[in-house]
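Residue-level structure breakdown
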Amino acid sequence: AVQSLWARNAIPFPTVDPGICDGIAQGHIGMSYTLLSRNLASLNVITQCEAHGYQGALVLTSCDKRPAGEVAGFIQVDRARRRKGMKPFYTVFLPSHVMPERYLPTYLRREFIEIRENIEDPSIKREISDLLKMKLKCNNYAMYQKLINGLISEGKIDEEKGDSLKFEIAKFCCIESGTCAFIGTGCTSKLVLGALGLVPSGIELPDRPHNKSQIDSAVEILLDMFKRGDSERSISPLVRQNLRNAIVVWSAIGGPTNWALHFPYVAASLDTSLTPEEMAKIGAQVPQMMEIDPLKNKSVFTLSKEISQGKSSGIDTLMKVLFQMGLVEDADTVQGKWLERIEKAKDANNNILFTSPLRHRSGIIEVKGNFCRSAIFKVPGLAEEAIRSFNDKIYFAVY
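All figures in this text were calculated on a predicted structure; none of them were measured in a lab.

Attention now goes to the pattern of salt bridges. According to the stated counting rule, one finds 23 salt bridges in the structure shown. Glutamate 50 serves as the salt-bridge partner of arginine 81, at 2.9 Å between the closest nitrogen and oxygen. Placement of arginine 81 in helix H4 (residues 66-83) and of glutamate 50 in helix H3 (residues 31-52) is noted, with a sequence separation of 31 residues between them. Of the residues examined, arginine 81 reaches a relative accessible area of 3% and is grouped as buried. What you see here is one network of salt bridges that share partners, running through Arg8, Lys212, Asp216 and Glu220.

Shown next, in the form of structure tokens:
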């Protein structure tokens, strides 16, 4: 990236924005710091850009809270520049690659098959069988840890054996750098950044670190926007135009509830309010158009491979489907208008991204009660049976 900018008569100033991993932070006091890291990401980019007078940013972003924090921070930089009568602040985002996956090695599979043979409980047998069918990601470690802790507490294995298994499994859950390949905050953020119009076509879900031609293309897009001085393509108008589109995409992919916290934060940087109720109203109109199922070996890495092999256009394919359903609107992106981009996009191939709804409800729903003024549920995470059990009923919390 530095060489590419330098070769095109721009002066690059690399700076670092530290991030933390939601996965490692889970289950202990670290969870109290993940949201704080988002706000710190905003403050960091604002401080760096304003202190040094940077004129634009090629953002090599990671996962979890950093992308939302950086978007909000750069919006505030852009708006501050405009208030001072300066040139708008242009950004191009390059999300990090999706982490490869692998199955549990044979020697560990044998261990769990042997344990399964000595267990009578059919639900635990099924749990072991399901885990062995899945490719490993960081969240699978939590699933194995839950299983192993249960086996220890029931006396099926001793604590030393359990620790040994956990130690071995941990080695294979994050085998290379990148974002874990499930539809958590990391991969959702890549698609949301794409839907906000901040990422060039075809590189929001790379299956490996970006190559030279991709970096060169992104740099040329960034510098072209700066030279043209188009006020509608700096970061604040791009996000303002695409905010609703991004909420639709988030709903269509069944993204995590973390973005229910991030969208209002990003909107606030634009001096716009956004409530859970408003996001739920959008989600109520959006069907589920993406299937991620570890038991079917369908992960975000599967989609990233399809993109690299030319079988899918990623966010452009999804936007094409959503345009056909009348759910999104045309808007500017760093690489022209959406309607221009989707003309070249591949059709959905009904493997990960679908042409017709998998379910007619997705996104979040809002619930109210006497215990809380407003709460949200992520509908794609609930089976239809669970929705039928809870929907259209009144519950009282007594305490």
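Another aspect to go through is the packing of H3 against H4. Running from N to C, H3 and H4 cross one another at 35°; their axes reach a closest spacing of 7 Å. Note that H3 runs across H4; the crossing there is right-handed. Facing Arg38, Ala41, Ser42, Val45, Ile46, Cys49 and Glu50 of H3, the residues of H4 in contact are Arg66, Ala68, Gly69, Glu70, Ala72, Gly73, Phe74, Gln76, Val77, Ala80 and Arg81. Grouping the amino acids of the contact of H3 with H4 by side-chain chemistry returns nine nonpolar, four polar and five charged.

Taken as a whole and judged by the stated rule, the model has one cavity of 30 Å³ or more. The calculated volume of the largest cavity comes to roughly 30 Å³. Around the largest cavity sit Met99, Pro100, Glu101, Leu136, Lys137, Cys138, Cys173, Cys180 and Ala181, which together line it. Residues of the lining of the largest cavity, tallied by class, amount to seven nonpolar, no polar and two charged.

In this section: the state of the cysteines. In this structure the tally under the stated criterion is zero disulfides. Free of any disulfide, cysteine 187 has its nearest neighbouring cysteine sulfur in cysteine 63, separated by 7.8 Å. Look at cysteine 187 and you get buried, because its relative accessible area is 0%.

So, how was this worked out
- Residues numbered from 1 in each chain as written.
- Predicted model: local features only at pLDDT ≥ 70, side-chain atom pairs only at ≥ 80, totals over all residues.
- Heavy atoms only, no water.
- Salt bridge = Lys/Arg side-chain N within 4 Å of Asp/Glu carboxyl O.
- Helix = DSSP H or I, 4+ residues; strand = E, 2+ residues; numbered from the N terminus.
- Buried < 20%, exposed > 50% of the residue type's maximum accessible area, 1.4 Å probe, protein only.
- Axes fitted to C-alpha atoms, helices over the stretch in contact; angles between N-to-C directions.
- Left-handed = near helix turned anticlockwise from the far one by under 90°.
- Contact = heavy atoms within 4.5 Å.
- Nonpolar A, V, L, I, M, F, W, Y, C, P; charged D, E, K, R; others polar.
- 1 Å grid on protein atoms, 1.4 Å probe; cavity = no way out; pocket = protein on both sides within 12 Å on 5 of 7 lines; lining within 4 Å.
- Points joined across faces, edges and corners; volume = space filled by probe spheres on them.
- Disulfide = S-S within 2.5 Å.

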